[in-house]
Amino acid sequence: MGAAALVVSAVPAHAADGPGKSPADVIPGRGTSTPALVDGIREAAPAAGSAADAARGHLAGKQSRYRIADPGRDLRAVQTVNAGAGETVRLQQKHRGVDVLGGQYVVRMENKDGKRVVTGTSGKYFTGLKADTKDEIGAERAVERAVTATLRDLGGSRLDKSDVPAKQGAKSKAAESLAGTSRGLVVLPKGAGVLTHHVTVRGTDPATGKPVLREVYIDAKAGFPVLQYSGIKTFGKGAGPEDARKAAKGSSQAAAKAAKGQAGDVSPGIAGSGVKYDGTTVELGLYKDTARNEYVMTDYARMWGTSKNLVSTWDARGKDVSEASGRWPDGIRTFGSAGPNFGKDATEAGAVDAHWAAGKVYDYYKKVHGRDSLDGRGMALNSLVGVTEFGDTYVNAFWDGTKMVYGGGDKEYKTLSADLDVVGHEMTHGVVEHSANLVYAGQSGALNEAIADYFGNAIDTDASGMAMDDPRAGLLGEDLCRTKSPAECAFRNLNDGATTSKNFLGVGFGADNGGVHLNSTIFSGALWDIREDLGRTLADKIAYKALTEYMTPLDGFTEGRDAVVAAAKALKVSAKDLGVVKRSFNAHGIVTNWEQALGVDTDLLSAKLNTANTGVGAGGGWYAASKSNDDGSEPYSVWAGRTDGKGERKLISPNDGRFHVYPATDGKTVVWAAFGPASVDVLSRPLAGGPTKKLYTSTIGVSGLRVEGDVVVLESMDKLGSRHVGYLRTGDKEPTWVDGGRYELGTALASLSGGRIAYAKLYPQGEQYVMGVEVLDLKTGKATLMGQKSSPEAIGQTGINGTNVFWLVDEIGGDAGQMAVRRANLDGTGATDLSKETGEGALFASDLTASENAVTVTAALPDTRYRNESMPKLWQFAADGSGRARVSCNRGEQSSAAAAGGKQVVWIDGTTGYTDLVTRTRPAGACG
């Protein structure tokens, strides 16, 4: 499935309202018979009773328009917001009693003088859902497979010391670091619908120590992960978690308990002061804590007249960021001072900026939009300042469902609370969560980021008194650096002129959650243009109304545009101003069917694979790849075709309801893994035709399949989390494990050529574990360790041909994440680097594939900002080490590369917003 959208159209759109009964404005839905937006109506609804009942009654009474068979049964009220006479009701779709991901419909009404009228509707209700809701795998197996999928996604591209148990019978550090929680059944609205288990996986990345929060959807029939994305919502550099609601609620309760424990007598508050990072003295809302005999950063006064909740700023210095993800760190206290005027320590910690900024953001939403805190109901505002990451600096900020968390910065970056637009951005994520709740992946995630950027920057620009035409007005995070200029320091620029045709980057959910930061300025730039042309007040009202009354969770750029235009109309802007709104979106390429204008420099082998978490194989002039149907609703099948694009593709796998994935081929045979509810089978079938053979069955799972003649190589993860490479020959009933399957050893990331298997190896040497690359000659049984230049910290994917072995390596002391591309002779001698781990041109490499003539590496360039160069691209080196070139200049993500002979490579490309199988026979060279 592509990152352009989470939903693929399957049903023709209709917006019929009967002859002569069409409302003023109707935008048909995509992939549904229910309109995406109905506007310009004033239709009576019952004045008595709840707003939700009136909304459902309206939809039921207009069945010919909305095509919702039974609103009372299939729409559950999730939120009603009253603003003056206005009522906005959000309704969650259910399919046969199961929630539908992103299925939300909004009904807008006016209720005054004893009369209630419906003024419009919008959202997504999926009328084509037909899937049955019988669960075949159960929650326990779904959680197990979700955790395994997350482990594979986090660490599958490298082997490191977290992959081996500390002792026999114990789980590996990697397996111990993660835990899954079942969230129940959810229907994914693809085609007829896909029944899944929603599992939240949280914990710590065993390799980096960064917090992990993954939303994983496991097919409830076959047990395969059909969708997974990170729940992390950060400002844009590094990682920080956005918690699930249950964890967020626990965090909120812990904060309240901590605040209560340190409080004496409560009073409306005291005005104190502090000095911000920029040297400005500002007023701070404080409280005199008699128990501590200190003035503390707890502001009762701001919400005293409403909820009596607090605005509090907490000292989290010395706490790891993982301790603040989904939990409340033990032992932290609000920042305190002997007097009401806070000193240098609070300034340098970022506490003064955080506390002052949280108040500013609260005031903005309250005074400008009438919104009482982020949830609209006066929720407490807690800021944790100064967290670290894995014992090192943390340069980021995030909103976790109830609180803001800010890193302490480093030598170049101040704590991220030191810029009001960052604080406004993170807190606006809270506003989004409690209104449109835009799914944080793909276009809806980019829309989420765009809105957070817009309001965060709007609050900052207004507070500073900066003119909208100032060159710095569109910069976010520009005040965070200690030495760089604002333009050099800024994380994003809303005046960067990004458009869909020139700048949209199609990526899978594994890269920036499908481009949530990479593509955000396309939409936020349009909003910022509107603000420049219409003025601050009107533009902010339009954007806020669009967010809170029109947008729904799976909206993309086109739906976002429609929401903003409709909100402008509802505010009765002039025809001239409405024209400005439309032209702003046109200028950024956000027009109907804009996705069809994205160009590529590759040859297409198979369009719209609509798959995730699988791969591609190539060899002997053929490729093998998994593919779903056009709307992505069917389990994956394995297809094979010629790499020159000639002839017809062949269906290799049976259509038996299982997910057929991880295919490999040598041009004569195709092997793959079939995920079913109880087991995972390794299957094979000749390209020339014949029966499918079962080679091996695993209850956990397999990956990394390779085939050459009668040899099949695979990688399996045992129940303790250790990884093992094995091989099967004709007639074998069980794999021969190259490490003997011993718990204290780890092998992974195998390649196969000329009767030799190369793989990464982790093994004990004295009191320590060491790593290397080993080659096993299947003919002689001899295993040869490759020479090393120093002791590795991690080994990445291997590749092998008739003369050399290639691998990725991260050596101790190297920059985190960057890997060298290394080559050695088959006898282990002559180790040399084709690309060094550090220095100019070093790569963040994640995958490798080799032919006799070339080695192709999937890698990104080091970059602190989200842009095209920071996403995975294919880089090709001659096998002898001469030269380096980009395989393709396509803008989207390039992944799952397979060498197809010579310099030809086959891979999955995301440029069009979908997962297309493409190829090139030679590198494109340097890309401008």
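See the structure printed just above.
The structure displayed is predicted, hence computed values, not measured ones.

Q: Please provide a residue-by-residue account of the sheet that holds strand 46 (residues 854-860), values included.
A: Within the open sheet, the four strands sit side by side as 45-46-47-48. Their pairing is antiparallel. Either end of the sheet is taken by a strand with one partner, and the two such strands are strand 45 (844-850) and strand 48 (884-886). Shown here is a sheet whose adjacent strand axes are inclined to one another by a mean of 30°, direction ignored. As defined by bridge partners, strand 46 adjoins strand 47 (residues 873-878) across six bridges and the pair is classed as antiparallel. Looking across to strand 47, one finds that Ala859 is bridged to Lys873.

Q: So what about the packing of aromatic side chains? Which residues, and what values?
A: What describes a pair of aromatic rings is the distance from one ring centre to the other and the angle between the planes of the rings. Tallying each qualifying case throughout the model produces 22 aromatic pairs. Measuring from centroid to centroid gives 5.3 Å for Phe523 and Phe585, while their planes differ by 50°, and the two rings are tilted. Placement of Phe523 in helix 14 (residues 520-534) and of Phe585 in helix 17 (residues 575-587) is noted, with a sequence separation of 62 residues between them. On the basis of relative accessible area, Phe585 is assigned to the buried category, the value being 0%.

Q: A description of the sheet that holds strand 44 (residues 832-835) should follow, citing residues and the corresponding values.
A: The five strands are arranged 7-41-42-43-44 in an open sheet whose pairing can be described as antiparallel. The sheet terminates laterally at strand 7 (158-160) and strand 44, the two strands that pair on one side only. Within the sheet, the average angular offset between the axes of one strand and its neighbour, ignoring direction, is 35°. Here strand 43 (residues 820-825) runs beside strand 44; their pairing, made up of three bridges, is antiparallel. Looking across to strand 44, one finds that Arg822 is bridged to Asp833.

Q: If you had to explain the state of the cysteines to someone new, which residues and values would you point to?
A: Applying the stated criterion to the full structure yields two disulfides. Through a disulfide, Cys481 is tied to Cys489; the S-S separation comes to 2.2 Å. Every disulfide takes its handedness from the sign of the S-S torsion; for Cys481 and Cys489 that torsion is 90°, giving right-handed. Since its relative accessible area comes to 8%, Cys481 is described here as buried. The exposure class assigned to Cys489 is buried, which follows from its relative accessible area of 1%. The partner cysteine of Cys889 in its disulfide is Cys927, sulfur to sulfur 1.9 Å. Residues Cys889 and Cys927 share a disulfide whose torsion about the S-S bond is about -85°; that sign makes it left-handed. Here Cys927 lies in the segment after strand 51 (916-920) and Cys889 lies in the loop between strand 48 and strand 49 (894-899), a separation of 38 residues in the sequence. For Cys889, a relative accessible area of 30% puts it in the partly exposed group. Along the chain, the cysteines engaged in disulfide bonds are linked according to the scheme 1-2, 3-4 when indexed in sequence order.

Q: Give a description of the nonpolar core that names residues and reports values.
A: By size, the foremost hydrophobic cluster in this structure holds 93 residues, and its most contacted members are Met297, Phe523, Met551, Val564, Val581 and Phe585. Not counting chain neighbours up to four residues away, the residues in contact with Phe523 comprise Leu447, Ala450, Phe557, Gly560, Arg561, Val564, Phe585 and Ile590. With 38 residues, the next largest nonpolar core counts Leu101, Val226, Ala664 and Leu714 among its residues.

Q: Could you give an account of the pattern of salt bridges, with specific residues and numbers?
A: Taken as a whole and judged by the stated rule, the model has 39 salt bridges. Ionic pairing is found between Lys276 and Asp278, a salt bridge with its closest N-O pair at 3.5 Å. For Lys276, a relative accessible area of 11% puts it in the buried group. Where salt bridges share partners, they join Arg30, Lys124, Asp555 and Glu559 into one cluster.

Q: Give a description of the side chain of Glu549 that names residues and reports values.
A: Looking at the secondary structure, you find Glu549 in helix 15 (residues 536-550). Residues contacting Glu549, with those up to four places away along its chain left out, are Thr88, Arg90, Val106, Arg108 and Ser122.

What counts as what
Residues numbered from 1 in each chain as written. Predicted model: local features only at pLDDT ≥ 70, side-chain atom pairs only at ≥ 80, totals over all residues. Heavy atoms only, no water. Pairing = 2+ DSSP bridges. Helix = DSSP H or I, 4+ residues; strand = E, 2+ residues; numbered from the N terminus. Axes fitted to C-alpha atoms, helices over the stretch in contact; angles between N-to-C directions. Phe/Tyr/Trp six-rings, centres within 6.5 Å; stacked < 30°, edge-to-face > 60°. Buried < 20%, exposed > 50% of the residue type's maximum accessible area, 1.4 Å probe, protein only. Disulfide = S-S within 2.5 Å. Core = buried A, V, L, I, M, F, W, Y, C linked by side-chain atoms within 4.5 Å. Contact = heavy atoms within 4.5 Å. Salt bridge = Lys/Arg side-chain N within 4 Å of Asp/Glu carboxyl O.

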